[in-house]
Structures are given as structure tokens and as C-alpha cells.
Amino acid sequence: MRRNILITGASSGLGAQMAREFAARGRNLALCARRTDRLEELRTELISAHPGITVAIRTLDVAVPDQVFDGFRALAAELGSLDRVIVNAGVGKGQPIGTGRFDANLQTVQTNFVGALAQCEAAMETFRANGTGHLVMISSLAAFRGLPRNVTAYAATKAGVASLAEGIRADTLRTRIRVTTLFPGYIHSEMNPESDPNPLISRTVPAVRTMITAMEREVPTAIVPPWPWAILGRAMKIMPLSLVARFL
Ligand SMILES: NC(=O)c1ccc[n+]([C@@H]2O[C@H](COP(=O)([O-])OP(=O)(O)OC[C@H]3O[C@@H](n4cnc5c(N)ncnc54)[C@H](OP(=O)(O)O)[C@@H]3O)[C@@H](O)[C@H]2O)c1
């Protein structure tokens, strides 16, 4: 069992809910994000509901590599080890390419891809030293195609992290290190608020439970939640680009 679990992007949305689910299963947690007040509130909530667990927090910006390396090392020391690292922090702030918003697209790439690379480096350093560990990468259904408008850079980062995860998996096939890539569909979070009228959006708590199930099984890849996103994901892969451009 992976006892000590580090989650980035734990201050809201999917990451915060993952922390609640793992806390209920008695796991120790290392929670990271930029908003310290949110992390402190979550730690108070988790420790009062589950007094037997340890919850360490660390304020860090994943787009600043030294904060990731120092933060992960400090959290590993505080918990004694890191057994699972969930690379979850992400933003979806992109704008159509060539419309003068390089800043927004750069922030998306630096957070979602460069930040993910730094997290993988830091996690794999400790897993390689221990000879075991579970790396979980939160990609997206958006990884399956190049996407138009505000999600062009975002989709590219999510394809990038899925490829990064597969490469690390290839590198560690005959070891006790496991790598899981999750491809979530649309789920309520701060990125997709409950005010969003899209009827397909999945509810946070049940959706995150399907993510936890896939992580605990340590499957190589999973589309989560499976319904309706596994079918829509397969459709996305074969859709003509004209439909992608119109509907996605
Ligand atoms: N919700 C969906 O439908 C969906 C679908 C597919 C994939 N995903 C992926 O799931 C992950 C979680 O997103 P979410 O939906 O839960 O959105 P969210 O509620 O907006 O959460 C994003 C989390 O990432 C953290 N974060 C953002 N930039 C950061 C930075 N530079 N350094 C450190 N932490 C940072 C945020 O914390 P601070 O602001 O406190 O730093 C927050 O905790 C993301 O990677 C997202 O791409 C979500």
C-alpha cells in the first residue's frame, strides 16, 4: 500500500477532493499549491476528521523548479518517504494562438508541462533512491487531439505530459516503480465551475472516486470517469478535424 502521498494542486478542485478521499483511507498526505490559506484550511479539516494521519503542507509554485525540488525533498523528509506523487497542478488560461496572448499560453505551458517535468524529476529522484514508488500524471481528454481556440496550448501540454509519463514508464518497466496516466473528462472544479451549463460535466466527488480507484489499481492509463468519457474519448480520436473545430 502507498502510505505517504504527495498531491500538487491540492488547494482546490480535483486535488483537494483526492486529499479528502485518501485521508478517509488513512493515508498520510503532503499537499502543495500556491494558496497557503487553502492548504491550511484543508489540513485542519482532514486532521479533525481523521486524527490518526499526518498532513504536511508546502506552499510552492510548480513553475519555479527550485521550489519543486526543495519542496518535495522537505516533504519526503517530513513524512519519512514519498510512496505516491500525483502531478495534478494545472491551469487552463490559454488564448487562441497569434492573438497577442503569448503570456497566457506561456503560463499554461510553464505550469502544466515544465512544472510537470520538474515534479517528475523530483518524484523520480526519490523513487529511484528507494527502488519503488508510484507516479501519477493528471493529463486530460484534451490530450487526444489538437484543439482550437482557448485550449490549443492547454491540449498540447496535456499531450506532452501523457508522452512524458509513457517515456518514464518505458524507462522503469522492469522495476518496482509504477506510472499511471489519468485522462479526466470534464469535471466540476475551479477550472470548470458548477455554474457551467454543460450537461455532460461530471460531479466532483464521484468522478474523483473513479480517479482514486484507477490510482489504487496502478493501471498504466485510464479515462476517468469512465462514463461518459471513455466513449467520448474514443470518438474524439477518430473525429474529422472539422467536427473537432466546431464542437470541441
Ligand atoms: N476539471 C476538469 O474537468 C479537468 C479535466 C481534465 C484534466 N484536469 C486537470 O486536473 C488538474 C486539476 O485541475 P482542477 O480541475 O482541479 O482545477 P482547479 O480547481 O483550478 O485546481 C488547480 C490546482 O492547481 C494549482 N495550481 C495552479 N497553478 C499552480 C502553480 N503554478 N503552482 C502550484 N499549484 C498550481 C491550484 O492551486 P493554487 O492556485 O493555490 O496554486 C489548484 O490547486 C489540472 O492539471 C487540470 O488540467 C481537469
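Before going into details, it helps to say that this report is about the structure given with it. These numbers come from a predicted model, not from an experiment.

**Quick word on helix H1 (residues 13-24)**
At step 1: The end-to-end C-alpha distance of H1 is 17 Å, a good match for the 16 Å that 12 residues give at a rise of 1.5 Å each.
At step 2: The buried fraction of H1 is high, at nine of 12 residues.
At step 3: Residues Leu-14, Gly-15, Ala-16, Gln-17, Met-18, Ala-19, Glu-21, Phe-22 and Ala-23 constitute the buried set of H1.
At step 4: Summarising the contacts, the buried residues of H1 are in contact with strand S1 (4-8), strand S2 (28-33), helix H2 (36-49), strand S4 (84-87), strand S5 (132-138) and helix H6 (204-217).
At step 5: Downstream of H1 by a residue or two, Gly-26 has a phi angle that is positive, lying close to 80°.

**A closer look at the sheet that holds S1**
At step 1: Here we have seven strands laid out as an open sheet, ordered S3-S2-S1-S4-S5-S6-S7, and parallel in their pairing. Only two strands of the sheet have a single neighbouring strand rather than two, namely strand S3 (55-59) and strand S7 (221-224). Adjacent strand axes in the sheet meet at a mean angle of 15°, parallel and antiparallel pairs treated alike.
At step 2: As paired strands, S5 and strand S6 (residues 176-184) are joined by seven bridges and run parallel to one another. Looking across to S6, one finds that Val-136 is bridged to Thr-180.

**Structural notes on the nonpolar core**
At step 1: Ile-7, Met-18, Leu-29, Leu-31 and Met-211 are the most contacted members of the largest nonpolar core, which has 31 residues in total.
At step 2: Of all the secondary-structure elements, those providing two or more residues to this core are S1, H1, S2, H2, S3, S5, H6 and S7.
At step 3: Not counting residues within four places of it along the chain, the set of residues in contact with Met-211 comprises Leu-14, Met-18, Ile-138, Leu-182, Pro-184, Ile-187 and Val-224.
At step 4: Of all hydrophobic cores here, the second largest spans 30 residues; its members include Phe-72, Cys-120, Leu-135 and Leu-164.

About the thresholds
- The written sequence of each chain sets the order in which its residues are numbered from 1.
- Residues qualify for local features only when their pLDDT is at least 70, as the model is predicted, and side-chain atom pairs are given and counted only at 80 or more; totals for whole chains, interfaces and linings, by contrast, use all residues.
- Hydrogens and water are ignored here; the side-chain numbers use all heavy atoms of the structure.
- Counting from the N terminus, the helices are the DSSP runs of H or I reaching at least four residues and the strands are the DSSP runs of E reaching at least two.
- To estimate how far a helix should reach, multiply one less than its number of residues by 1.5 Å.
- Categorising residues by exposure relies on relative accessible area from a 1.4 Å probe, with only protein chains included: less than 20% of the type maximum marks a residue as buried, more than 50% marks it as exposed, and the intermediate range marks it as partly exposed.
- We call two residues contacting when some pair of their heavy atoms lies within 4.5 Å.
- Two strands form a pair only when DSSP identifies at least two bridges running between them.
- Note on geometry: axes are lines fitted to C-alpha atoms, helical ones only across the stretch in contact, with angles between N-to-C directions running from 0 to 180 degrees.
- Nonpolar core, defined: a set of buried Ala, Val, Leu, Ile, Met, Phe, Trp, Tyr and Cys residues in which side-chain atoms within 4.5 Å join the residues together.

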